[in-house]
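Chain and residue survey
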Amino acid sequence: MRLRVLGFWGAYPEADGATAGYLLEHEGRSVLIDCGSGVMAKLLRYVQPKALSACIITHFHFDHVADLGVLQYALLLNSFSGGDKVLPIYAPRTPEALYQQYEGVRGSELQPIADGDRLKAAGVHFSFMRTRHPVETLAVRAQADGRTFAYTSDSQFFPELADFIRGADLLVAEASVYAGEDGTPAGHMNAEEAGRLAAEAGVGRLLLTHLPHYGVHRELIDGAARHFHGTIALAHTGACYDV
Ligand SMILES: [Zn+2]
Ligand SMILES: [Zn+2]
């Protein structure tokens, strides 16, 4: 598997940037995980929407779904010009009003996923665990060819999350605030907690994402390194990682 970062900002994108969006590629096929603000324009550098195998939405916060509607428009236009592609979009069923907004658009088909569910797309086995965040949010574990990728999506720190991502070769973990700051009330981790999670789960490499709009990002690595002694990097658009 190979992971391409399309966007990494938390909450909103900086100029020409994007919020959460990750392209997981395997054997020439790809799955889009989250479709935040600015992600569509980045996605088109690599793949046409009609060529995606699936889209997985971890939760209905705008920094993870802002471009989902326009992704659906691209597939709708493809269907108008004779394309028969129907893209499965997997997403949590709540908040129900938001889920329903994306239903019934030709060219794509919304399918609910929940804690404990499993599915296969692009030859990759996916499983999901509910995180601790203000709306129903799913962490993602993806396995293929004996390798494992994991993504926390948005969550505060809790020990069971480490069980879910245990042994992942690559962990993409949110680090919304700096070590010493408390993200828990908003359902987020600080960099030190992201490092603790990686250490407790025994992952191979740690990629920090969902980054804040202040401070010096390099210090996020220092915070995570208090617990995790493996390789730590900061997500940036276009970055590509072999899992
Ligand atoms: Zn969120
Ligand atoms: Zn978010």
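Nothing here was measured: the structure is a model prediction, and the numbers come from that model. (Residues numbered from 1 in each chain as written. Chains lettered and ligands numbered in written order. Predicted model: local features only at pLDDT ≥ 70, side-chain atom pairs only at ≥ 80, totals over all residues. Heavy atoms only, no water.)

Examining the pairing of strand β9 (residues 138-144)
In terms of burial, β9 is largely enclosed, as six of its seven residues are buried. Pairing geometry for strand β8 (residues 124-130) and β9, over six bridges, is antiparallel. Bridge pairing links Ser127 to Arg141 in β9. In the sheet, β9 pairs with strand β10 (residues 147-151) via five bridges, with the strands oriented antiparallel. When the bridges of β10 are listed, Ala144 appears paired with Arg147. The antiparallel pairing of β9 with β10 creates a hairpin that spans two residues between the two strands, and Asp145 there sits at a positive phi of about 50 degrees. (Buried < 20%, exposed > 50% of the residue type's maximum accessible area, 1.4 Å probe, protein only. Helix = DSSP H or I, 4+ residues; strand = E, 2+ residues; numbered from the N terminus. Pairing = 2+ DSSP bridges.)

Examining the coordination of the zinc ion (ligand 2)
With distances of 2.1 to 2.2 Å, the protein atoms coordinating the zinc ion (ligand 2) are Asp63 (OD), His64 (NE2), Asp154 (OD) and His210 (NE2). All donors of the zinc ion (ligand 2) come from a single chain, and their spacing in sequence reads D-H-x89-D-x55-H. The metal-metal distance between the zinc ion (ligand 2) and the zinc ion (ligand 1) comes to 3.4 Å, with Asp154 coordinating both. A residue pair is termed long-range when its members are at least 10 positions apart, and Asp63 in helix α2 (residues 62-65) and Asp154 in the loop between β10 and α5 (159-165) qualify at 91 residues. Here the two residues Asp63 and Asp154 agree in accessibility, since each one is buried. (Donors = N, O, S within 2.8 Å, 3.2 Å for Na, K, Ca; no water.)

Details of the side chain of Glu25
Positionally, Glu25 belongs in strand β2 (residues 21-26). Of note is the side chain of Glu25, whose polar atom sits 2.8 Å from the side chain of Arg4. Contacts of Glu25, omitting those with residues within four sequence positions, involve Met1, Arg2, Arg4 and Ser30. (Polar contact = N/O pair within 3.5 Å; in protein donor to acceptor, adjacent residues only side chain to side chain. Contact = heavy atoms within 4.5 Å.)

Observations regarding the sheet that holds strand β5 (residues 87-91)
The seven strands are arranged β6-β5-β4-β3-β2-β1-β14 in an open sheet whose pairing can be described as mixed. Two strands close off the open sheet at either side, each with one partner strand: β6 (108-112) and β14 (240-242). Pairs of neighbouring strands in the sheet enclose a mean axial angle of 20 degrees, with direction left out of account. Alignment of strand β3 (residues 29-33) against strand β4 (residues 54-56), held across three bridges, turns out to be parallel. Bridge pairing links Leu32 to Cys55 in β4. (Axes fitted to C-alpha atoms, helices over the stretch in contact; angles between N-to-C directions.)

Details of helix α6 (residues 191-201)
By the burial criterion, the buried members of α6 are Ala191, Glu193, Ala194, Gly195, Leu197, Ala198 and Ala201. In this fold, the buried residues of α6 make contact with α5, β11 (170-174), β12 (205-209) and α7 (218-224). The backbone nitrogen of Glu192 has a side-chain oxygen 3.0 Å away, supplied by the residue at the start of α6, namely Asn190. Once α6 ends, the next one or two residues include Gly202, with phi positive near 65 degrees.

Overview of the sheet that holds β9
The strand order across the open sheet built from seven strands is β7-β8-β9-β10-β11-β12-β13, with neighbouring strands paired in mixed fashion. Edge positions in the sheet fall to β7 (118-121) and β13 (231-234), since each of these pairs with one other strand and no more. Direction aside, the axes of adjacent strands within the sheet are offset by 20 degrees on average. The pairing of β7 with β8 spans four bridges and is antiparallel. By the bridge assignment, Arg118 is partnered in β8 with Ser127.

Thoughts on the coordination of the zinc ion (ligand 1)
Looking at the zinc ion (ligand 1), one finds its protein donor set to be His59 (NE2), His61 (ND1), His133 (NE2) and Asp154 (OD), positioned 2.1 to 2.4 Å from the metal centre. In this structure, the zinc ion (ligand 1) is coordinated by four donor atoms arranged in irregular fashion, with angles at the metal of 89 to 167 degrees. Mapped onto the sequence, the residues coordinating the zinc ion (ligand 1) show the spacing H-x1-H-x71-H-x20-D. Of the residues examined, Asp154 reaches a relative accessible area of 1% and is grouped as buried. (Tetrahedral: all angles 85-135°; square planar, octahedral: opposite > 155°, others 65-115°.)

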